[in-house]
Amino acid sequence: MTPVLEIRDLRVKMPTPRGHVTVVDGVDLTAEPESIAGIAGESGSGKTITMLAVLGLLPPDAIVEGSARLAGRELIGLPERELRAVRGRRMAMIFQDPLASLHPMLTIGRQLTDHMRAHLGLGRAKARARAVELLAEVRLPDPAGMLDRHPHEFSGGMRQRVAIAMALACEPEVIIGDEPTTALDVTVQAGILRLLDRLRRESGVTVVLVTHDLGVMSALADTLSVFYSGRVVETGTAGTVLRRPRHPYTAGLLAALPSPEAKVDQGVRPIPGTPPVPGDRPSGCAFHPRCPHGVDQCAVEVPAPVELDDRHRFACPPDPFAAGRTS
Amino acid sequence: MTNAEKTDGRQTDGRRRGALPRRRRSPISVAFVVRRFLATVVLCLAVTFVVFLLSNVIPADPASANLGDAARSDPEAVAAFRAKYHLDDGLLTQYGEFLQRLAHGDLGTSIQTQQPVLSDLADRAPATAELAIAAVFMAVLVGVPLGMVSALKRDRPADHLLRTVSLTGMSVPAFWLGLLALQLFYYRLGWVPGGGRLPVGGEPPPSVTGMYTLDALLTGRLGTFTDAVHHLILPALILATPGIALLTRFTRAAVLDVISEDYVRAATAKGLKRSTVLRRYVLRGATPLVITVSGLALANVFVASVLVEQVFSWSGLGSYAYQSAVRLDFPAVMGACLCITLVYVTINLVVDVLYGVVDPRIRVGS
């Protein structure tokens, strides 16, 4: 199958007062049609920056190199005019905090229709009719009554549903969800995730789901890429990566998950140390200072990814979790 | 259960189910209006008291300021003058009488014009209103776009230039600028008339609002309208200068603040044109601050008008206040101060109500 979204060797340098700093360093990522591609990693690992770079939403003084293809078409370096035709139309984005990403002073109807009118050339009445359909599709009560109201009149979960309806409006091929449930109550998160899953099955949209919640990944994602300090350290089908992680960082993340059975002080093993700040990344494998399995070579060489037969790739040459080996 | 209770109930109930009532909340509450009205009364009393005290403790004598040379040396004339305006009564007695008359809507008689102060104020208020409205319109129409440009060209030459110019504009006293502008545009270049509201001997349009430009338009006198605009433009511009500067700086700050909001990035991610994002999302987000500063600018215009009207021989409240103060015309000074206080309070009230109109999250007074 041809991937809908294919990112190859993407590099992003962000401007800082001390010059440009590499925050995304050679990221590869593939999303198959109608799949949910999960991206996991700690804050600051470059997940969001990667997605913003693909849509050309980084500040103009950021340096973006490499390739990102949407259905075969290169997006990196595309002029603003052409990018605009992609944004919202072919690739839409859902942001973390729906309260912040909806304009507090504009009505839901206005924010739901303005890009439909721009992209699809719909008139006011048609756009509003479609907006009502969309709100119903994301299971909001009284869709028609919502149009003239403002975001603050709704709960966080309802606002995120509005944001999802906005993303769906122009029937994009890809929806990027940037931690779409992080700002929501746990009880509401499941509903939002089920909604995304249903939309993927019903409308055939591909979802790139950025989250640091591995529980979400195991429930929803088809593939999973684990980011660490601007690089993808492990990628594969979600089941494989989560059940048989080969990179110590992935294994560490999984061990740090609280399980319902274990008491917190027994079951949770946090990864020692703190994630590196962009611009001050350790040499070689960026994870080596925190890694319990490191060898001398780790501090020197940036590890090349190893690919296994089932498209499982990981970047850890010592491979402490190889089959038959006990760690 | 009333409608209001229903909607309030929904507000606190997190799980809203079923049809949502279509409603448009009124942006202000009755309690708010009552509270503000009482506060205004207290404020006006305080202002009259302070002004009253100040007018009476200054070491100057209204009799000698208002009587002619001959009368000034005639003890009987001076005594008659003092008796007429109750200048020899105790301070508190005088103030008490003032309040008593005020309660009946009587501001006393101006020493200078020999007219009731109230009718003097009514005669002159429209002239100042015309000037102030024109000035604030100019300030918003020029200041907001300049602030936007300054923000979008942040740290580039255009921004530096605008910031320097706006700082200067805020610091320069308006009456001084007025004198310079008259020297240049009237005396040297002859582009504008030298003062007044109409050419000498020009007939004012029939009074509808008292604002010449508006009245001339309403009654279809285009010639008078052109004349009035011609006279209005320079003093209005001078009064607008600090406002333009203020709005440029604050709009710049507001736009820079809003432009980094998530909702602006989200709007860009929807594929909207940059101009649409700026107009609909950024500028809209900056409106509360723009409204605040416009209100401030309007209030400042009234203060600056005291000297600027004098410079431009504009017979409005400002020059009335100036002339009354110089002549120690106490009733007129009190009236003018009271009038300006009311204008201030009203501007603040309007600004507060406008918040509720532009920002649906705010219900004023709650």
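Parameters at a glance
One numbering rule holds for all chains: residues counted from 1, following each sequence as written. All chains are assigned letters beginning with A, and all ligands numbers beginning with 1, in the order in which they are written. Restriction of local features to residues with pLDDT of at least 70 applies here, the model being predicted, together with a cutoff of 80 or more for giving and counting side-chain atom pairs; totals for whole chains, interfaces and linings are based on all residues. Side-chain figures throughout are based on the complete set of non-hydrogen atoms in the structure, without hydrogens or water. Per the convention used, a helix needs a DSSP run of H or I reaching at least four residues, while a strand needs a run of E reaching at least two, with both numbered from the N terminus. For every residue, the accessible area (1.4 Å probe, protein chains only) is compared with the maximum for its type, and the residue is labelled buried under 20%, exposed over 50%, or partly exposed between those bounds. When checking whether two residues touch, look at their non-hydrogen atoms; a contact exists if any pair is within 4.5 Å. Accessible surface is computed with a 1.4 Å probe, and the buried area is the amount of it that two parts give up when combined, taken over both parts together. A pairing counts as a salt bridge when a side-chain nitrogen of Lys or Arg comes within 4 Å of a carboxyl oxygen of Asp or Glu. UniProt positions are given in the numbering used here, feature names are shortened, and annotations may be inferred rather than shown by experiment. Any two strands between which DSSP finds at least two bridges are classified as paired. The split into domains, and so the bounds of each, comes from an automatic or database assignment of domains. For the purposes of these results, a polar contact is taken to be a pair of N or O atoms within 3.5 Å, where, inside protein, one atom must be able to donate a hydrogen and its partner to accept one; residues adjacent in sequence count only when each atom of the pair is a side-chain atom. Here the nonpolar group is Ala, Val, Leu, Ile, Met, Phe, Trp, Tyr, Cys and Pro; Asp, Glu, Lys and Arg are the charged ones; every other residue, Gly included, is treated as polar.

Novice: Give a description of the overall build of chain B that names residues and reports values.
Specialist: Helix and strand counts for chain B stand at 15 helices and 0 strands. Burial statistics for chain B: of 366 residues in total, 40% are counted as buried. In chain B, the share of contacts with a sequence separation of at least 24, taken over all contacts with a separation of at least 6, comes to 70%.

Novice: Could you give an account of the interface of chain A and chain B, with specific residues and numbers?
Specialist: Residue-level contacts link 33 residues of chain A with 29 residues of chain B. Of the roughly 2,900 Å² buried where chain A meets chain B, counting both sides, 58% is carbon and sulfur surface. Inspection of the region where chain A meets chain B yields 2 salt bridges. Taking the shortest distance from any N to any O, the salt bridge between Asp114(A) and Arg280(B) comes out at 3.4 Å.

Novice: Could you give an account of the pattern of salt bridges, with specific residues and numbers?
Specialist: All names here are of chain B. Applying the stated rule across the entire model yields 32 salt bridges over all chains. One salt bridge connects Glu130 with Arg197, and the closest N-O pair in it is separated by 3.1 Å. In this pair, Glu130 is assigned in helix 7 (residues 117-152) and Arg197 in the loop between helix 9 (174-188) and helix 10 (212-218), connecting sequence segments 67 residues apart. Of the two residues examined, Glu130 and Arg197, each falls in the buried class.

Novice: Lay out the UniProt feature "domain: ABC transporter" (unreviewed entry) in chain A with the relevant residues and their values.
Specialist: The residues that UniProt annotates with the feature "domain: ABC transporter" (unreviewed entry) are residues 5-254 of chain A. Taken end to end, residues 5-254 of chain A is 40% helix and 27% strand, and its two terminal C-alpha atoms sit 27 Å from one another.

Novice: Which residues make up the sheet that holds strand 9 (residues 223-228) of chain A, and what values do they have?
Specialist: Read from one edge to the other, the open sheet built from 8 strands follows the order 6-7-8-3-9-10-12-11 (chain A), with strand pairing classed as mixed. The two strands at the open ends of the sheet, each matched to only one other strand, are strand 6 (91-94) and strand 11 (306-307) of chain A.

Novice: Any chance you could break down the pairing of strand 4 (residues 63-70) of chain A for me, citing the residues and the numbers?
Specialist: Residues and elements named next belong to chain A. Here strand 1 (residues 5-16) pairs with strand 4 via 7 bridges, running antiparallel. If you follow Leu5 over to strand 4, its bridge partner there is Leu70. Two strands pair when backbone bridges link them, and strand 4 and strand 5 (residues 73-74) are joined in this way by 2 bridges, in the antiparallel orientation. Opposite Arg69, over in strand 5, you have Glu74 as the bridge partner. Between strand 4 and strand 5, which pair antiparallel in sequence order, lie 2 residues; one of them, Ala71, sits at a positive phi of approximately 50°.

Novice: I'd like a description of the domain arrangement of chain A, backed by residues and values.
Specialist: By a widespread convention, an interface's size corresponds to the accessible area lost as its parts come together. Residues and elements named next belong to chain A. For chain A, the assigned domains are domain 1 (5-90 + 173-314) and domain 2 (103-171). Each partner contributes residues to the interface: domain 1 has 16 residues there, and domain 2 has 14 residues. Between domain 1 and domain 2 lies a buried interface of about 1,300 Å² when both sides are counted; carbon and sulfur atoms form 63% of it. Our count for the domain 1 to domain 2 interface comes out at 0 salt bridges. If you look at where domain 1 meets domain 2, you find 4 residue pairs in polar contact (both at pLDDT 80 or more). Those elements that place two or more of their residues in the side of domain 1 that touches domain 2 are helix 2 (80-86) and helix 8 (186-203). Sorting elements by how many residues they give to the side of domain 1 that touches domain 2 places helix 8 first, with 7 residues. Each residue belonging to the side of domain 1 that touches domain 2 can be placed in one class, and the counts come to 9 nonpolar, 2 polar and 5 charged.

Novice: Help me get a handle on the UniProt feature "domain: ABC transmembrane type-1" (unreviewed entry) in chain B, residues and values and all.
Specialist: Residues annotated in UniProt with the feature "domain: ABC transmembrane type-1" (unreviewed entry) correspond here to residues 125-355 of chain B. A helix fraction of 80% and a strand fraction of 0% characterise residues 125-355 of chain B, whose end C-alpha atoms lie 27 Å from each other.

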